[in-house]
Amino acid sequence: MAHSLGHGTLRFIGAFKSSKIESWQSFTWRGLHFANPLGVAGGLDKNALLMRGLWSLGAGFLEIGTVTPKPQKANPGKCFDRDIQTESVWNHLGFPNDGGEKILQRILQIKRPYPTPIFVNIGKNRDTALPRAHEDYIHLIEKFAPVADAFVINISSPNTKGLRELLHPVRFQEFLRPVIAAAQNIPVLLKLSPDVTDDELRSCLDISTALGISGWVLTNTTIERNDLTKKLYPPDGGVSGRPLAARAIEMLKIANSHLGNQRQDKLIVSVGGVMSAEDVFERLRLGAQLVQIYTALVFNGPTFFHEVSYQARQT
Ligand SMILES: Cc1cc2nc3c(=O)[nH]c(=O)nc-3n(C[C@H](O)[C@H](O)[C@H](O)COP(=O)(O)O)c2cc1C
């Protein structure tokens, strides 16, 4: 009910309130201007229904999706829960969305220039076999090329069976090469899982750099459970929010130091357990150019973007 109420309210706000994107730590990357570096993580606006609402809250950029080629429903059974004490959310959704065509038509109704850059997060349909997964991603890249400022390749969700196997070195290169090529001059970012080992992370960074990736989103939800979340949630599904913060920070540090001079103009987006303005500033200090939130909006409410912007302007 909270989920539906939140969505309804955002759509209502978007219909009546104009965009209010405050400027702080503005920068331009590959021709995209970010008035501020705090945006919305994938999964919050899966169907491009909340864009105006999120702009009116002050988001510095949006990520639509995860979009799949065909529409699909959520996984059966309970697939969403939250815990106030641990400030965490558990989900087992598995890319429910209206499908590429419908979502594209919604975005096309919004005139360019958009108030902020728009990333489109893409994934494969549940029934697409892994060896053919790249076909789903290429189809979506070609479809969304007229509206996407960047693509986020999601092969890190724990809720689509087998998806994370695409990160395995054997499949990774042959999957990623044609996907990056299809995007031509539109930047492609890769969203990684927090559940890889540090060595696997370094190897993903190296391989994707060699294939011409434009950046990384670190990280998706985790299948790891700590002593508290183990008691709260089932073993399958992904946990987000505060329990994810330590690993998201660790991965940001590893990526930053591993890439070193190779990093050049590649973008690092930090996401996972960013729950306060101080958390946002910490991720920026640690080398992220952009920061995203999802769970913070569940616990802190819609004023989060303005609060962070206010604090950023005080310092
Ligand atoms: C309910 C829910 C649905 C999500 N759906 C998606 C999704 O469709 N695609 C995706 O890439 N990430 C999805 N995520 C992951 C978020 O984008 C983000 O990586 C993760 O929640 C960590 O950030 P947070 O701690 O700020 O929530 C979802 C997260 C939640 C809580």
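Residues numbered from 1 in each chain as written. Predicted model: local features only at pLDDT ≥ 70, side-chain atom pairs only at ≥ 80, totals over all residues. Heavy atoms only, no water.

**A few points about the overall build of the protein**
Now for step 1: Scanning the protein for helices and strands turns up eleven helices and 13 strands.
Now for step 2: Counting only C-alpha atoms and orienting by the principal axes, one finds that the protein spans roughly 45 × 45 × 40 Å.
Now for step 3: Taking all 315 residues of the protein together, the buried fraction comes to 58%.
Now for step 4: Accessible area of the protein: about 13600 Å², with a carbon and sulfur share of 54%.
Now for step 5: The positive charge centre, built from 35 side chains, and the negative charge centre, built from 29, are 5 Å apart in the protein. (Helix = DSSP H or I, 4+ residues; strand = E, 2+ residues; numbered from the N terminus. Buried < 20%, exposed > 50% of the residue type's maximum accessible area, 1.4 Å probe, protein only. Areas by Shrake-Rupley, 256 points an atom, 1.4 Å probe, with all protein chains shown as cover. Lys, Arg positive; Asp, Glu negative; His and termini not counted. Charge placed at Lys NZ, Arg CZ, Asp CG, Glu CD.)

**So, the pattern of salt bridges**
Now for step 1: Inspection of every chain in the model, using the stated rule, returns 14 salt bridges.
Now for step 2: Linking Glu87 and Arg242 is a salt bridge whose minimum nitrogen-to-oxygen distance equals 2.7 Å. Note that Glu87 is positioned in the loop between strand E5 (80-83) and strand E6 (88-91) and Arg242 in the loop between strand E11 (238-241) and helix H8 (245-259), a separation of 155 residues in sequence.
Now for step 3: For Arg242, a relative accessible area of 40% gives the class partly exposed.
Now for step 4: A salt bridge links Arg202 to Asp199, with the shortest nitrogen-to-oxygen separation between them at 2.9 Å. A residue pair is termed a helical-turn pair when its members lie 3 or 4 positions apart in one helix, as Arg202 and Asp199 do in helix H6 (residues 198-210) at three residues.
Now for step 5: On the accessibility criterion, Arg202 (28% relative accessible area) is partly exposed.
Now for step 6: The structure contains a network of salt bridges with shared partners spanning Asp198, Arg247 and Glu250. (Salt bridge = Lys/Arg side-chain N within 4 Å of Asp/Glu carboxyl O.)

**Comments concerning helix H4 (residues 133-144)**
Now for step 1: The terminal C-alpha atoms of H4, which comprises twelve residues, lie 17 Å apart, in line with the 16 Å expected from a rise of 1.5 Å per residue.
Now for step 2: Taken together, the buried positions of H4 are Ala133, Asp136, Tyr137, Ile138, Leu140, Ile141 and Phe144.
Now for step 3: Elements that come into contact with the buried residues of H4 comprise strand E4 (62-67), helix H3 (100-108), strand E7 (118-122), strand E8 (150-154) and helix H5 (169-182). (Expected span 1.5 Å × (residues − 1). Contact = heavy atoms within 4.5 Å.)

**So, the packing of aromatic side chains**
Now for step 1: Taken as a whole and judged by the stated rule, the model has eight aromatic pairs.
Now for step 2: Geometrically, the ring pair formed by Phe34 and Phe119 is edge-to-face, given 6.2 Å between the ring centres and 80 degrees between the ring planes. On the criterion of sequence distance, the pair formed by Phe34 in strand E2 (residues 32-34) and Phe119 in strand E7 is long-range, its members being 85 residues apart.
Now for step 3: You can call Phe119 buried: its relative accessible area is 0%.
Now for step 4: Note on Trp55 and Tyr114: the rings are 6.5 Å apart at their centroids and 25 degrees apart in plane angle, and the pair reads as stacked. With Trp55 in helix H2 (residues 51-57) and Tyr114 in the loop between H3 and E7, this pair connects stretches of sequence that are 59 residues apart.
Now for step 5: In this structure an aromatic cluster arises from ring pairing among Phe27, Phe34, Phe61 and Phe119. (Phe/Tyr/Trp six-rings, centres within 6.5 Å; stacked < 30°, edge-to-face > 60°.)

**So, the site of the ligand**
Now for step 1: Inspection of the region around the ligand gives 24 residues, with Gly42, Thr66, Lys191, Gly273 and Thr295 positioned closest.
Now for step 2: Side-chain polar atom of Asn121 to an oxygen atom of the ligand: 2.8 Å apart, as the coordinates give it.
Now for step 3: Contacts to the ligand include Gly272, whose backbone N or O atom sits 3.5 Å from an oxygen atom.
Now for step 4: In the complex, the protein chains occlude 98% of the 600 Å² of accessible area that the ligand would expose alone. (Near = heavy atom within 4 Å. Polar contact = N/O pair within 3.5 Å; in protein donor to acceptor, adjacent residues only side chain to side chain.)

**A word on the pairing of strand E13 (residues 290-293)**
Now for step 1: Residues Leu290 and Gln292 of E13 are buried on one face, and the alternating residues Val291 and Ile293, pointing to the opposite face, are buried as well.
Now for step 2: Where strand E3 (residues 38-40) and E13 come together, three bridges link them in parallel fashion. Bridge pairing in E13 links Val40 to Ile293.
Now for step 3: Taken together, the three bridges between strand E12 (residues 267-271) and E13 define a ladder with parallel strand orientation. Across the sheet, residue Val269 finds its bridge partner in E13, namely Leu290. (Pairing = 2+ DSSP bridges.)

**Comments concerning the side chain of Thr219**
Now for step 1: Looking at the element boundaries, Thr219 is found in the loop between strand E10 (215-218) and helix H7 (227-232).
Now for step 2: Residue classification places Thr219 among the buried positions, given a relative accessible area of 2%.
Now for step 3: Residue contacts for Thr219: discarding those within four places in its chain leaves Lys191, Leu192, Ser193, Pro194, Leu244, Ala248, Met251 and Val271.

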